[in-house]
Amino acid sequence: MSDLHLHHLENSRSFRILWLLEELGVEYQLTRYERTKSYLAPKSLERVHPSGKSPILEVKGLNPKDPEQKTCLIESGHIIDYLMAKYDTEYKLHPKLDAESQAWRDYDFWMHYAEASAMPALVMRLVFNKVVERSPTLIKPIAKGIRKQVEAVMISKNIRIALDLTEEKLSNDKWFAGSEFSAADVQMGFFIEAANAGPGLDEVRYNNILNWLKRCQGRAAYKAAVEKGGKLEF
């Protein structure tokens, strides 16, 4: 049995880890979870880890006193760092840590930017959309009004800033760490997929982002992740 066990929730950040495991070509066990009618994670995930969120990667062998014990790793960035340190020893999917290296600085920046700056506004948009969808008929017009105001004041601007910065980066480089695909592309992928949901991104304004997304979706590992974990649908 594999030393790695990924607990994957559909339409969630855990798609990153599933995709990365396929890129690495390592053996792993996969348990797939469906969201509830309220679009939440099922309670069964809480039995794996108290956070009740995905991704959760169970790893065997991290406890020297009990090599068979499973340790739960959570948070996409942390899991990716672990997988790079453990399985990408030839640096095919991440640059060597080197403060003088532009590739490493780019890699490290986008790994952090994805969650720290890019994702929060998109999550806020999703939450307000779900609130409106589930509001009683009499309350729905009020909920829509609140959503519209928050969208105008906070959400749209922050998403646009993140997308414009991303577009500028991809106008100069093929991938987020430069000329080579890396785990930073996997990390940023969830944000771009979410931003491209619904009507999709403007093909003129965000041409480089959309071309980058096509390159990602054309990778064999990405296709395998979709087949095993489901397509991202927001």
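Residues numbered from 1 in each chain as written. Predicted model: local features only at pLDDT ≥ 70, side-chain atom pairs only at ≥ 80, totals over all residues. Heavy atoms only, no water.

Another point: the packing of helix 3 (residues 102–134) against helix 5 (residues 183–195). Orientation of helix 3 relative to helix 5, taken along the N-to-C sense of each, is 20°, at an axis distance of 8 Å. By the angle class used here, helix 3 and helix 5 are roughly parallel. As helix 3 packs across helix 5, the resulting crossing turns out to be left-handed. Taking contact as the criterion, the partners of Tyr107, Trp110, Met111, Ala114, Glu115, Ala118, Met119 and Leu122 in helix 3 are, on helix 5, Ala183, Ala184, Gln187, Met188, Phe190, Phe191, Ala194 and Ala195. Grouping the constituent residues of the contact of helix 3 with helix 5 by class yields 14 nonpolar, one polar and one charged. (Axes fitted to C-alpha atoms, helices over the stretch in contact; angles between N-to-C directions. Helix = DSSP H or I, 4+ residues; strand = E, 2+ residues; numbered from the N terminus. Parallel < 35°, antiparallel > 145°, perpendicular 65-115°, else oblique. Left-handed = near helix turned anticlockwise from the far one by under 90°. Contact = heavy atoms within 4.5 Å. Nonpolar A, V, L, I, M, F, W, Y, C, P; charged D, E, K, R; others polar.)

As summarised here, the arrangement of the four strands in space is 2-1-3-4, forming an open sheet in which the pairing is mixed. The sheet is open, and its two edges are formed by strand 2 (29–33) and strand 4 (70–74), each paired on a single side. Within the sheet, the average angular offset between the axes of one strand and its neighbour, ignoring direction, is 20°. Here five bridges tie strand 3 (residues 56–60) to strand 4, and the two strands are oriented antiparallel to one another. Residue Leu57 lies in a different strand from strand 4, and its bridge partner there is Leu73. In the packing of helix 2 (residues 76–87) onto the sheet, the strands contacted are strand 1 (4–9), strand 3 and strand 4, and the crossing angle to strand 4 comes to about 125°. (Pairing = 2+ DSSP bridges.)

Leaving glycine out, the prevailing phi sign among residues is negative, and the prevailing peptide bond configuration is trans. Cis geometry marks the peptide bond from Ser54 to Pro55; its omega dihedral reads 15°. Relative to the assigned elements, Pro55 resides in the loop between strand 2 and strand 3. Of note in the backbone geometry, Glu75 takes a positive phi value of approximately 75° without being a glycine. Topologically, Glu75 is positioned in the loop between strand 4 and helix 2. Accessibility expressed as a relative area gives 55% for Glu75, which makes it exposed. Even without glycine at this site, Tyr91 takes up a positive phi of about 60°. Considering the arrangement of structural elements, one finds Tyr91 in the loop between helix 2 and helix 3. Given the relative accessible area of 39%, Tyr91 is considered partly exposed. (Buried < 20%, exposed > 50% of the residue type's maximum accessible area, 1.4 Å probe, protein only.)

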